[in-house]
Every structure is written in C-alpha cells, then in structure tokens.
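# Secondary and tertiary structure notes
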Amino acid sequence: MAGRGGHCDLGASEQQGGAAQKGTFLGTYVGCFSDDGQERTLKGAVFYDLRKMTVSHCQDACAERSYVYAGLEAGAECYCGNRLPATSVRPEACNLECKGEKGSVCGAVGRLSVYRVDELQLGPRKRRTATYRGCFRLPENITHAFADSLGQANVTVETCSGFCSQKEFPLAVLRGWKCYCAYPTPQFSLRDAMDSSLCGQDPKAQRLADYCEVYQTPVQDTRCTDRRFLPNKSKVFVALSSFPGAGNTWARHLIEHATGFYTGSYYFDGTLYNKGFKGEKDHWRSRRTICVKTHESGRREIEMFDSAILLIRNPYRSLVAEFNRKCAGHLGYAADRNWKSKEWPEFVNSYSSWWSSHVLDWLKYGKRLLVVHYEELRRSLVPTLRQMVAFLNVSVSEERLLCVENNKEGSFRRRGRRPHDPEPFTPEMRDLINGYIRTVDQALRDHDWPGLPREYVPR
C-alpha cells in the first residue's frame, strides 16, 4: 500500500545527507579517542551520512551550532560537543575512510577522530545565535533551578548565551546584569510566559523583580539525546502506524528521545538514517527497537503486530504533507506546477480513500491500540507523549520529557517557500474528503474511542 499513486520527481532538496558548504579552513585535529557509546561526551548534535560524510561536513555542522569539538566515527557518523572524550587511544586506531572523502579518516568502530572547530570560519553560513523564548517568573529556588551562573558588569545576551553554550546548557537566563544557565525542569518549564514588558525594565529594577528573560542557546539539550537498541528482544511487537504525511517521522523523533531507544521501520529510508534514525537499517522484525513505523493496512499486515500506536492526522494536512514529500522530499515543498498538474487530483482521489481505510483496518484488526491524534500531540506534547511512553511500557522522568519538549522539532521542518495555495482543494475534493472524515469519526466512536478532533470534523 505504501507505494500508491503519485509520480512526482524528487527535487534536489532530497539528496542523501545534503552537501554542507565548506568552511574556509579545517579545524585543528586533536586526536583519536575511544567512544563506548554509553556515556558520550560528544552528544550535543548527531547525524550520519552513509554515502557522503566528509570531515568538513561534520566540522561545519558542529561549528554552526556553536560547539567546540567535532568527532567522526565509523566512516559515516558525526558527533558534536564541548568536552573531549576521556580516553585517548593510539592514532592508528582511527583507520576508517570517510564515506564521502577518499584519503580522509573518519574514526573507526567505537573510535572518534576529533577536531577543534570553535575557530572555524564558516564563510557565508552563520553560527546560530540565541533565540528569545520569553519573559518568565523566576523559580522559587534559583540556586536549585539554575545550575551555573556568570556575574559580570554589563552582561549581554550574546555573552550569556556564549557562556551557557560553552557549558552545554540549552537555556540562558538574564535577570538584570546576572546570567544563569539552565535546563527546562518541572520548576522552570517555560509553559507560562509573562508579558514581555515585565522584563523590559532597567537592570536595577529587574534585579528587584521576580522576572527573567530566557533565551534558547544554539546547543542542544543533551539530557535526552542518548539512544540505543533494546538490550533484549522485545516480547511485545509494537507498530507505530499512520497514513503517510501524518507525522510518523516526527513521532519517532519524540519517542526515541523520550524512551532512549531506537525505533524501527517497515521500510528503509537512507535520508532518515542520515538524520539519526539508526534503527532504520535494522530489520523491521528484529524486535531490537521500541516500535516499528508502518503505513501498511490490511488484516495480514496488521495482525503481525501485538499492539500499535495509531497516529491520525487531519486528512487535509496529511494529503498536502505527503504530496510535498513525494514531489520534494522530507523537507521540501512541491512546485506550483505539481499542484496545477493532473497528478494532484489523481493523488487526492487515490489517497483520501486510503486515509480512511487505513484507520478503519487498524480499528478492526488491531489487537491492542492507543489512538493518538497528531493535533493533540502538537497542542499538548508532554501529556500525550507521557501516554505513548506508558503504552510502550517505559518509565521516563519528567525532566526527560521536558528535554524532548525543548528539542521537539528535531530536523523535520520543511524549508523554503510554501506554495501560494497551501490547501488547493476543489469543492468536489472537499465533499469526498469530508465523507471519509465522517466515516472515520463514527468508526472511532463505535470502537469506544473519542471521535476526531472537532476542528476538522465537518458540521
């Protein structure tokens, strides 16, 4: 079923791994280090490229994110961080050639070739800067909530963000002239932003007030970046099932970072592997992953699984997302000519019925289900993700869930210009899709689930 309809050609935006622009010179080689994978020190940003990994590709990616060190492993893996690994090994232990650069060394299995990149010139690319998160009330116990601080005259956002980035904290907090570094925590969750004017006072008045300005630093919250395969084969074979375009890849990102275990896939997508989904290469029936992505429907395919998270998204949004993917890859947009061609109405006619039958089949044949609506996951991420993790029988701390929320987007925002008409549906298409929405809404209720979210059920 996954290969149904549509003949868009992939655009240049979906090349494997993507080619990074090179800096004007390479970073400084530090040495070869051991990496046991359990307590990584270079864990701030991670990506793989099975075909095109180069030393400069990894260095640029780490430098852009304001990290000090870039480490290359196993010929195709890149890791970033601000602290060197503890164990140095002999230089010859790093002996695997980079997949995309003959003659260059990219570590080895369990070995990292490490470079210092904080002085790297990025040319036309810019280092990422701090992002304003808002004005928030100070937590009751500042010493407990904020792990590090910098006290100096005339501290600026750039100074504070640079200090906290160096310490690998995702949040830089300014209160008057005082700079604090922090993680999101239950006591400081960044859920209830205040009016920005409360933080707009002069520094002396701000010091006396109970408010602070919070900025997201360029570095990643690393409390939830460690992932591995299950230590023992899973006794329960769990599907993460959705119609294409319903956010399955994003849900996998959330599940992996929440549980610490890789997800698998019924398919193999090298582009997703290169974005860090290491379970993509594992055989889908290995039972070494916490759950397995599938778009399949039909009794035989469904009954292979013991249980499933059924992810449902507004079909209007799903159809647009999947058409974009077919025409321009995971992160691109279909061109105007694609929307105006006969491919689009043919796609809608074929895929809208599949959206309905996919849900109906899983409701009918699924043995144990958790129904999750994409819109609810977006709107209420931590509570919904907590339900998903509990369904997968994994215990997770609140701090880890907040870390996931802080890293929630991953690398899955579409880039570039949106099409002029993001919902190019004719009245006939809407009549067709609305009929399927009503059918699915009623089927969910018949199986004792709440119906579809109100915002897209026709009234």
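No experiment lies behind these values; they were computed from the predicted model shown. (Residues numbered from 1 in each chain as written. Predicted model: local features only at pLDDT ≥ 70, side-chain atom pairs only at ≥ 80, totals over all residues. Heavy atoms only, no water.)

## What about the overall build of the protein chain?
When you go through the protein chain residue by residue, the secondary structure sums to 14 helices and 18 strands. Split into buried and exposed, the 459 residues of the protein chain put 55% on the buried side. Across the protein chain, every contact between residues at least 6 apart in sequence was considered, and the portion connecting residues at least 24 apart equals 76%. (Helix = DSSP H or I, 4+ residues; strand = E, 2+ residues; numbered from the N terminus. Buried < 20%, exposed > 50% of the residue type's maximum accessible area, 1.4 Å probe, protein only. Contact = heavy atoms within 4.5 Å.)

## Examining the nonpolar core
If you look at the biggest cluster of nonpolar residues, it comprises 40 residues, and the most contacted ones within it are Ile312, Trp344, Phe425 and Leu452. It is helix α10 (residues 343-365) that provides the largest number of residues to this core, a total of nine residues. For Leu452, the residues in contact, after removing those within four places along its chain, are Ile312, Trp355, His373, Ile437, Val440, Asp441, Leu444 and Val457. (Core = buried A, V, L, I, M, F, W, Y, C linked by side-chain atoms within 4.5 Å.)

## Side note on the pairing of strand β11 (residues 171-175)
Of all the five residues making up β11, five are buried; the element is thus mostly covered by neighbouring parts of the structure. In β11, alternate side chains face the same way, and those of Leu171, Val173 and Arg175 on one face and Ala172 and Leu174 on the other are all buried. In the sheet, β11 pairs with strand β12 (residues 178-182) via five bridges, with the strands oriented antiparallel. In the strand pairing of β12, Arg175 is matched with Lys178. In this antiparallel pair of consecutive strands, β11 and β12, the connection spans two residues, and Gly176 shows a positive phi of 65°. Here β11 runs beside strand β13 (residues 211-216); their pairing, made up of four bridges, is antiparallel. From the neighbouring strand, Val173 faces β13, where its bridge partner is Val214. (Pairing = 2+ DSSP bridges.)

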